[in-house]
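# Descriptive structure summary
Residues per chain, in single letters:
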Amino acid sequence: MRRIEIFDTTLRDGEQSPGVALNAEEKLQIAHQLGKLGVNVLEAGFPIASPGDFEGVRRIAQEVRNVGVAALARANAKDIERAWEAISGGESPRIHTFIATSPIHMQYKLQKSPDEVFEQAVQAVRLAKSKVSDIEFSAEDASRSDVDFLARVFTGVIQAGATVLNVPDTVGYATPEEYAAFLKAIMERTTGIEKVKVSVHCHNDLGLAVANSLAAVGIGVHQLECTVNGIGERAGNAALEELVMALHTRRDQFNVETSIVTSEIARTSQLVSRLTGMMIQHNKAIVGKNAFAHESGIHQDGMLKERSTYEIMSPSIIGVDVESIVLGKHSGRHAVQQRLADLGLELEDSHFEELFSRFKLLADRKREVTTADLFSLVDEQKEKTDQINLDYLQISSGTHLVPTATVGLMYQGQRLADAACGDGPVDAAFKAIDKVLGTQGKLSHYSLQALDGGEDAQGEVTVSVKFGENLVAGRGVSTDIIEASVRGYLQAVNRAYTRGWIEIKQ
Ligand SMILES: [Zn+2]
């Protein structure tokens, strides 16, 4: 069976989703998981965009092995030099350079003639080739470009050394049959196309990103670009999990295979959702909370008699273990340890003891401790290095009260406390933290969701906070949503503090 490559751009296009801001540490965590998932290439970022982007890409290239690492660069020398600087320490680096080729982009955005664009594309690839052998060239807005002009550009960049040609549907305008016909025409008219890989990159503005990508598979492209949970600019990109599971479940139709370890899909999806703060809609294909839920009596009856009556794939194939043992307050050390091991979350003994005592506290507060809860306990364990910790929190709030919060924090062995009023209890608590520390955080994004279903689910809060010019994200989990908010805010404060973006008054 033909192998098709998966190029993941969660950390570049996905990271461009409105409201998402990942730091280098979080990007690295996602990159390691993408490695486990088995993607062929991961696009780590756009190094010229900011020092933070550069650092994220550099660390991923250095630390994540057994997967290609790509860095994005516009078709100019400065971008390409910077991209190369970021990935040169990698095992299999790829420079991904791009320029727009559609009449509308060339005229209004670039203000360049087609000849100038052709020249710039070829020059850029030539420069990139002087640094590294693996070069991907993308013709931005390809699907709205003139076929003959695009074929001329592609022929030129192949001669200059490009190894992968990407034909993006940048604005999500294409339809499946039209896109397939367009790709076919490009492949027929480009000289040397047989020497390179052809790639597609589809956006979801009309909900057709996955359909368009699958249509491209049918005419023999070699690489699919996608993101976990379909996050990305505007309506997002083709969703990795949907593409992979469509190809897998309907191999009879597509006749291709991928290198994806499907049992890592659910875990990857959860991790990306958690760290980006982008929630997954319940009815989302493959990874939504309801994707494998059967509600109606007729369906449940059918499922009990024979699963394949209403199930085209088993949840276990994407790593959702529906029949997993339930952990609660009667669970012992061994059961918890076993479950952590099943999830690939082994901890050192001393760390495990600490986690276990927090597990017991949590089990007292809610009936069932779910997989998501365990992940968050492990996350918290990693945050133990925080400089500023919550000591206590007291809130008064009600229909006829001015919401007031008193917050006690531990900083360098000292207990610091103060109180503040606000528009609501969360606002009051954030203001109290700022008062204690002498900081001035500006909340730019706040989201709250239940970590798992059920009436006693933990609340998970994600925040983005601006300290001066710097945006930093934080996440907190608790059975109490105000406490979760405060923990999220404190995580952002700690991150800003570690980076030297804020000073703490004593
Ligand atoms: Zn894109």
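Conventions we followed
- Residues numbered from 1 in each chain as written.
- Predicted model: local features only at pLDDT ≥ 70, side-chain atom pairs only at ≥ 80, totals over all residues.
- Heavy atoms only, no water.
- UniProt positions renumbered as here; feature names shortened; annotations may be inferred.
- Helix = DSSP H or I, 4+ residues; strand = E, 2+ residues; numbered from the N terminus.
- Donors = N, O, S within 2.8 Å, 3.2 Å for Na, K, Ca; no water.
- Buried < 20%, exposed > 50% of the residue type's maximum accessible area, 1.4 Å probe, protein only.
- Pairing = 2+ DSSP bridges.
- Axes fitted to C-alpha atoms, helices over the stretch in contact; angles between N-to-C directions.
- Expected span 1.5 Å × (residues − 1).
- Contact = heavy atoms within 4.5 Å.
- Polar contact = N/O pair within 3.5 Å; in protein donor to acceptor, adjacent residues only side chain to side chain.
- Patch = residues over 30% accessible without salt bridge, like charges linked within 9 Å, V, L, I, M, F, W, Y side chains within 5 Å.
- Areas by Shrake-Rupley, 256 points an atom, 1.4 Å probe, with all protein chains shown as cover.
- Salt bridge = Lys/Arg side-chain N within 4 Å of Asp/Glu carboxyl O.

Under an unreviewed UniProt entry, the name given to the chain is 2-isopropylmalate synthase, and the source organism is Desulfosporosinus hippei DSM 8344. UniProt, in its Cofactor (unreviewed entry) section for the chain, records the words "Mn(2+)".

Next up on the list: the environment of Asp423. Assignment of secondary structure puts Asp423 in the loop between strand S13 (414–421) and helix H16 (425–437). Between the C-alpha atom of Asp423 and that of Thr404, which follows or precedes it by 19 residues, the distance is 9.1 Å.

Moving on, we come to the coordination of the zinc ion. Looking at the zinc ion, the protein donor atoms are Asp13 (OD), His201 (NE2) and His203 (NE2), and they sit 1.9 to 2.2 Å from it. In primary sequence terms, the donor set of the zinc ion follows D-x187-H-x1-H. Of this pair, Asp13 sits in the loop between strand S2 (5–8) and helix H1 (24–37) while His203 is found in the loop between strand S8 (197–202) and helix H8 (209–218), placing the two residues 190 residues apart along the sequence. Residues Asp13 and His203 agree in their burial class; the two are buried.

Glancing now at the sheet that holds strand S5 (residues 93–100). Strand order around the closed barrel formed by 8 strands is S2-S3-S4-S5-S6-S7-S8-S9, with parallel pairing between neighbours. Within this sheet the neighbouring strands show an average axis-to-axis angle of 25°, counted without direction. Here S5 runs beside strand S6 (residues 135–140); their pairing, made up of 6 bridges, is parallel. When the sheet's bridge partners are listed, Ile95 is paired in S6 with Ile135.

A few words on helix H7 (residues 176–189). Under the 1.5 Å per step criterion, the end-to-end length of H7 is 20 Å for 14 residues, consistent within 8% with the ideal 20 Å. Structurally, H7 contributes buried residues whose contacts are with helix H6 (147–160), strand S7 (164–169), S8 and H8.

Before going further, it helps to spend a moment on the UniProt feature "binding site: Mn(2+)" (unreviewed entry) in the chain. If you check UniProt for "binding site: Mn(2+)" (unreviewed entry), the listed places come out as Asp13, His201, His203 and Asn237 in our numbering. Look at the named residues: they lie 225 residues apart in sequence, but the longest C-alpha span between them is just 10.3 Å, so in the fold they bunch up. Relative to the assigned elements, His201 resides in strand S8. Here His201 is in contact with Thr9, Arg12, Asp13, Asn166, Val167, Pro168, Asp169, Tyr179, Glu225 and Asn237, once residues within four sequence places are set aside. Of the residues examined, His203 reaches a relative accessible area of 4% and is grouped as buried. Look past the residues within four positions of His203 in its chain and what remains in contact with it is Asp13, Asp169, Thr170, Gly172, Ala209, Glu233, Arg234, Gly236 and Asn237. A polar side-chain atom of His203 sits 3.2 Å from a polar atom in the side chain of Asp13.

What follows deals with a nonpolar patch on the surface. On the surface, a cluster of nonpolar side chains totalling about 320 Å² of accessible area is made up of Leu443, Tyr446, Leu448 and Ile481. For the nonpolar patch, the element with the most residues is strand S14 (residues 441–450), which contributes 3 residues. Checked against the element boundaries, Leu448 lands in strand S14.

Turning our eyes to something else, we now look at the UniProt feature "domain: Pyruvate carboxyltransferase" (unreviewed entry) in the chain. In the numbering used here, UniProt assigns the "domain: Pyruvate carboxyltransferase" (unreviewed entry) feature to residues 4–266. In this annotation, residues 4–266 is assigned 44% helix and 18% strand; the end-to-end C-alpha distance for the span is 21 Å.

Here we come to unusual backbone geometry. For Asn66, which is not glycine, the phi dihedral falls at a positive 65°. By the secondary structure assignment, Asn66 is in the loop between helix H2 (51–63) and strand S4 (68–74). Accessibility expressed as a relative area gives 72% for Asn66, which makes it exposed. If you check the backbone angles, Gln111 has positive phi at about 50° while not being a glycine. Secondary-structure assignment places Gln111 in the loop between helix H4 (103–110) and helix H5 (114–129). Relative accessible area serves as the criterion here: at 64%, Gln111 is assigned to the exposed category.

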